[in-house]
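Observations on the model geometry
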Amino acid sequence: MTDFIHPALLFILGALPIPFLSGSIRKAYLLLIPALALLAVLAMEPGSYGEARFIGQEILIAKVDKLSIVFAIVFTIMALIGMVYALHLTDPGQHVAAFVYVGSALGVVFAGDYLTLYLFWEGMAFASAYLVFVQRGGPAIRAGFRYLMVHITGGVVLLGGIISHGLATGSLLFGPIAEGLTNGGMGVGDYLILIGFILNAAVPPLNAWLTDAYPEATVTGAVFMSAFTTKTAVYVLARAFPGTELLVWLGTIMALYGVIYAVLENDCRRLLAYHIVSQVGYMIAGIGIGTEMAVNGSASHAFAHILYKALLFMGAGAVIYVTGRRKLTELGGLYKTMPLTVALYMVGAFAISAFPFFSGFVTKSMVIAAAGADHRALVVLALTMASSGTFLHTGLKLPYFMFFGTDRKLEAREPPRNMLVAMGMAAVLCIAIGVFPQPLYALLPYPVDFEPYTGSHVMESLGLLMFTALGFVLFLWALDPENTISLDTDWFYRKGARAFMWLAERPLARYEQAVSNVSETAALPLLHGAARAGLRLDLAGIDAVVNGIAHSILNGGGRLRRLQTGVVTHYVLAMLVGLIAATVVFVVAWR
Amino acid sequence: MIKRVVDFFGDEQYARPRRRLFYLVLVLIVVADFLVFREHAEYLWDSLPGWSAVYGFASCVLLIFVSKFLGHRVGLMRREDYYD
């Protein structure tokens, strides 16, 4: 264990002292832990660490290979950036929750067995839910509860799957399930595990928790949330289910699902949240395709996505922090007062849209190229269309209505410096990855045989994106944000819960009332009467008989006692009388 | 410098040069697409110059109108107090 320090421990144990620190010591500490964790990850050697046995099962606390390292690196980088962004907060609770959240995500990434994975999985759900609750106010509390309930349900499904998988295979070690497909296909347990995983990956129809909760989280909390939950899900899917055909189609649908909803969205962070759904769709599709290039594409796209999506959430968060508004219908004209935020946000927007020299270009295209190499024309076309939609919303619509467009004369300024620094860090990485993709490619699980910067590929991307911009300019009138919300699959449990409450409050409560009425008006008097009659019978009848017999015996005994005179002559006389009586009886009986 | 660039995209006074620059970029892209060397084309459309421009524009328009159709006609968009 000397050559391996678990970064999850650094974060989770490191969270303990935070409430006791203050001022610049706390700030330094908040940056020190992620920096140490990053060093720990970079120094890691592949291998298995922390093997043990628990309840008769093999436990493997940490299994380190290239796939886990690439996710761990971006998670720790993101933790550092997120901490810089949240440095101005005075509330230690959010820092503690963020630390536990990051630590749990890293715990999942290194988990070598399902029990370890499950523990950290639930830790993530609770720590991240805190980041919603701490925003306070009715909508956040309600969204937080929905978030928690969905994740607990997903966790129960996952646990059921784990147990059932363990019973079927005899091992709880975490590894590729899809490989078992050749001998008899996936069992019920494996499907339950898959459902648990794709719930956290926000695959429709299990996606609504994400777009419901993320916009309600705190400004800084949403930045962490955008990075960890869905990407740990991508990681576990890449580990357990590469090459699962179902995922290709779910991922492709997701990519379009997100961009379609993004057109309708008015809340700036909900729009970005729908783009998480869309972008994770590429990763899921890549995992489903399952070739080396596709899994590389998914892993690298997750890496790039965490950074640019955090940058976008940080930009939108900065606007919310400064103006207190989050609806596009209420924003506009901020470019004059927040030019740095605009510029940094746009770096994220170009990265997510896969402009050449930005990170998305070198990662997203790998997934699309892998789909092409796997002869999936429909998937290629759908994912390319989703790319166009991504630029349309995060690159054009959102910044246009947030920063340009109608000037609402909002009082605004640049956000605190630590927020700008954090955005700057993410922006530098977005560009660095885009310009020099080789270091990232070197981290990927398989050797990379892909060159993003070919003339045809660059021109193809530019053509796609700039003519999307033409569509935006021509149809801007159709894109005006509207003061509405969009129905998603959360309708089923939000309305379902309401129907359940109605059922409980109306028919069930009425039935209960009727039953209690009947019992009060008819059943209870009857019972009382019967009880009284029983009491009378008991007192007057049974007790009287028992008492009578007892009295008779007592009296008889008293009388008999008088015979005992204590005079010997009386007893001799009695014996004589008895002897005579016995003789008489004997004679009579003999005859 | 950043402020100047951002102002260029926001201020009304730059509307004309902005539009000209945009259309110039579009033309350059289409022209360049005809000149670029296509080493291997996986699908038929890969070998068509200008395909990505057409597909990007069509995707954009399709996404806008399909989404708005779903929002308005199918009824995905609701008043903000829908769940209250």
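Residues numbered from 1 in each chain as written. Chains lettered and ligands numbered in written order. Predicted model: local features only at pLDDT ≥ 70, side-chain atom pairs only at ≥ 80, totals over all residues. Heavy atoms only, no water.

Both strand β1 (residues 47-54) of chain A and strand β2 (residues 57-64) of chain A contribute to a ladder of seven bridges, which runs antiparallel. When the sheet's bridge partners are listed, Glu 51 of chain A is paired in β2 of chain A with Leu 60 of chain A. (Pairing = 2+ DSSP bridges. Helix = DSSP H or I, 4+ residues; strand = E, 2+ residues; numbered from the N terminus.)

Before going further, it helps to spend a moment on the interface of chain B and chain A. The interface is formed by 50 residues belonging to chain B together with 60 residues belonging to chain A. A buried area of about 4800 Å², summed over both sides, lies between chain B and chain A, and 72% of it is on carbon and sulfur atoms. Viewed at the interface, chain A and chain B are joined by two salt bridges. Our enumeration of links across chain B and chain A arrives at 16 residue pairs in polar contact (both at pLDDT 80 or more). Residue assignment for the side of chain B that touches chain A shows that the elements contributing at least two residues are α1 (2-10), α2 (15-35), α3 (51-72) and β1 (77-79) of chain B. The greatest single-element share of the side of chain B that touches chain A, amounting to 18 residues, is contributed by α3 of chain B. Grouping the amino acids of the side of chain B that touches chain A by side-chain chemistry returns 29 nonpolar, eight polar and 13 charged. Where strand β3 (residues 484-486) of chain A meets β1 of chain B, three bridges bridge the pair, whose relative direction is antiparallel. Opposite Thr 484 of chain A, over in β1 of chain B, you have Arg 79 of chain B as the bridge partner. (Contact = heavy atoms within 4.5 Å. Buried area = accessible area lost by both parts, 1.4 Å probe. Salt bridge = Lys/Arg side-chain N within 4 Å of Asp/Glu carboxyl O. Polar contact = N/O pair within 3.5 Å; in protein donor to acceptor, adjacent residues only side chain to side chain. Nonpolar A, V, L, I, M, F, W, Y, C, P; charged D, E, K, R; others polar.)

Let's shift gears to helix α10 (residues 245-264) of chain A. The terminal C-alpha atoms of α10 of chain A lie 30 Å apart, and with 20 residues this matches the ideal 28 Å at 1.5 Å per residue to within 8%. For α10 of chain A, the buried fraction is high: 16 of the 20 residues fall into the buried class. (Expected span 1.5 Å × (residues − 1). Buried < 20%, exposed > 50% of the residue type's maximum accessible area, 1.4 Å probe, protein only.)

Residues and elements named next belong to chain A. Inspection of every chain in the model, using the stated rule, returns 16 salt bridges over all chains. The shortest N-O distance in the salt bridge between Asp 212 and Arg 494 comes to 3.9 Å. With Asp 212 in helix α8 (residues 208-213) and Arg 494 in helix α19 (residues 490-563), this pair connects stretches of sequence that are 282 residues apart. A relative accessible area of 4% means that Asp 212 is categorised as buried. Between Asp 267 and Arg 326 there is a salt bridge, with its nearest N and O atoms 2.7 Å apart. Note that Asp 267 is positioned in the loop between α10 and α11 (268-289) and Arg 326 in the loop between α12 (292-323) and α13 (339-352), a separation of 59 residues in sequence. In this structure Asp 267 comes out as buried when scored by relative accessible area, which is 6%. The partly exposed category is assigned to Arg 326, whose relative accessible area is 26%. A single network of salt bridges, built from pairs that share partners, joins Arg 146, Asp 212, Asp 490 and Arg 494.

Attention now moves to the confidence of the model for chain B. On average, residues of chain B score 89 in pLDDT, and 100% of them are at 70 or above. Predicted complex metrics record ipTM = 0.95 and pTM = 0.87. (pLDDT = per-residue confidence, 0-100.)

Let us now look at the nonpolar core. All names here are of chain A. Residues Phe 71, Phe 197, Tyr 214, Leu 237 and Phe 241 are the most contacted members of the largest nonpolar core, which totals 192 residues. Broken down by element, this core gets its largest block of residues, 17 residues, from α12. Not counting residues within four places of it along the chain, the set of residues in contact with Tyr 214 comprises Tyr 147, Trp 209, Ala 222, Met 225, Ser 226, Thr 229, Arg 269, Ala 273, Ile 276 and Phe 313. (Core = buried A, V, L, I, M, F, W, Y, C linked by side-chain atoms within 4.5 Å.)

All names here are of chain A. A cluster of nonpolar side chains, namely Phe 500, Met 501, Trp 502, Leu 503 and Leu 508, defines an oily patch on the protein surface of about 540 Å² accessible area. Within the secondary structure layout, Leu 508 lies in helix α19. Among the residues examined, Leu 508 registers a relative accessible area of 48% and is labelled partly exposed. (Patch = residues over 30% accessible without salt bridge, like charges linked within 9 Å, V, L, I, M, F, W, Y side chains within 5 Å. Areas by Shrake-Rupley, 256 points an atom, 1.4 Å probe, with all protein chains shown as cover.)

Here we take up the side chain of His 393 of chain A. Residue and element names in this part refer to chain A. The residue His 393 is located in helix α15 (residues 377-403) in this model. Given the relative accessible area of 0%, His 393 is considered buried. Only 3.2 Å separates the side chain of His 393 from the side chain of His 275, close enough to count as a polar contact. What His 393 contacts, discounting residues up to four positions off in sequence, is Val 259, Ala 262, Val 263, Leu 271, His 275, Leu 398 and Pro 399.

All names here are of chain A. As a packed pair, helix α5 (residues 114-133) and helix α9 (residues 219-240) sit with axes 10 Å apart at the nearest point and diverge in direction by 160 degrees. As judged from the angle between their axes, α5 and α9 are roughly antiparallel. Judged by the twist between their axes, the crossing of α5 over α9 is left-handed. Contacts between α5 and α9 involve Leu 117, Trp 121, Met 124, Ser 128, Leu 131 and Val 132 from the former and Gly 221, Phe 224, Met 225, Thr 232, Ala 233 and Val 236 from the latter. Residue composition of the contact of α5 with α9, by class: nine nonpolar, three polar and no charged. (Axes fitted to C-alpha atoms, helices over the stretch in contact; angles between N-to-C directions. Parallel < 35°, antiparallel > 145°, perpendicular 65-115°, else oblique. Left-handed = near helix turned anticlockwise from the far one by under 90°.)

Right, let's get into α9 of chain A. Residue and element names in this part refer to chain A. The end-to-end C-alpha distance of α9 is 33 Å, a good match for the 32 Å that 22 residues give at a rise of 1.5 Å each. Along α9, the sharpest kink reaches roughly 30 degrees, centred on Met 225. Burial analysis of α9 places 22 of its 22 residues in the buried class, which makes it a mostly covered element. (Bend = angle between axes of the 7 residues up to and from the residue.)

Residues and elements named next belong to chain A. Examined against the element boundaries, Arg 239 turns out to sit in helix α9. The exposure class of Arg 239 is buried, given its relative accessible area of 11%. A distance of 2.8 Å separates the side chain of Arg 239 from the side chain of Asp 65, its partner in a polar contact. A polar contact is formed between the side chain of Arg 239 and the side chain of Tyr 235, at a distance of 2.8 Å. Ignoring anything within four residues of it in the chain, the contact list for Arg 239 reads Asp 65, Leu 67, Ser 68, Phe 174, Gly 175 and Pro 176.

Under the defined criterion, the tally for this structure stands at 38 aromatic pairs over all chains. Ring geometry for Phe 11 of chain A versus Phe 99 of chain A: centroids 5.4 Å apart, planes at 75 degrees, classification edge-to-face. Note that Phe 11 of chain A is positioned in helix α1 (residues 7-14) and Phe 99 of chain A in helix α4 (residues 92-110), a separation of 88 residues in sequence. Summarising the burial analysis for this pair, Phe 11 of chain A and Phe 99 of chain A share the class buried. Ring pairing ties together the aromatic residues Phe 71, Phe 75, Tyr 101, Phe 224, Phe 228 and Tyr 235 of chain A, which thus form one cluster. The residue whose ring lies beneath Arg 494 of chain A is Tyr 83 of chain B, and the NZ or CZ to ring-centre distance is 3.7 Å. Note that Lys 495 of chain A overlies the ring of Tyr 82 of chain B, its terminal NZ or CZ placed 4.5 Å from the centroid. (Phe/Tyr/Trp six-rings, centres within 6.5 Å; stacked < 30°, edge-to-face > 60°. Lys NZ or Arg CZ within 6 Å of the ring centre and 35° of its normal.)

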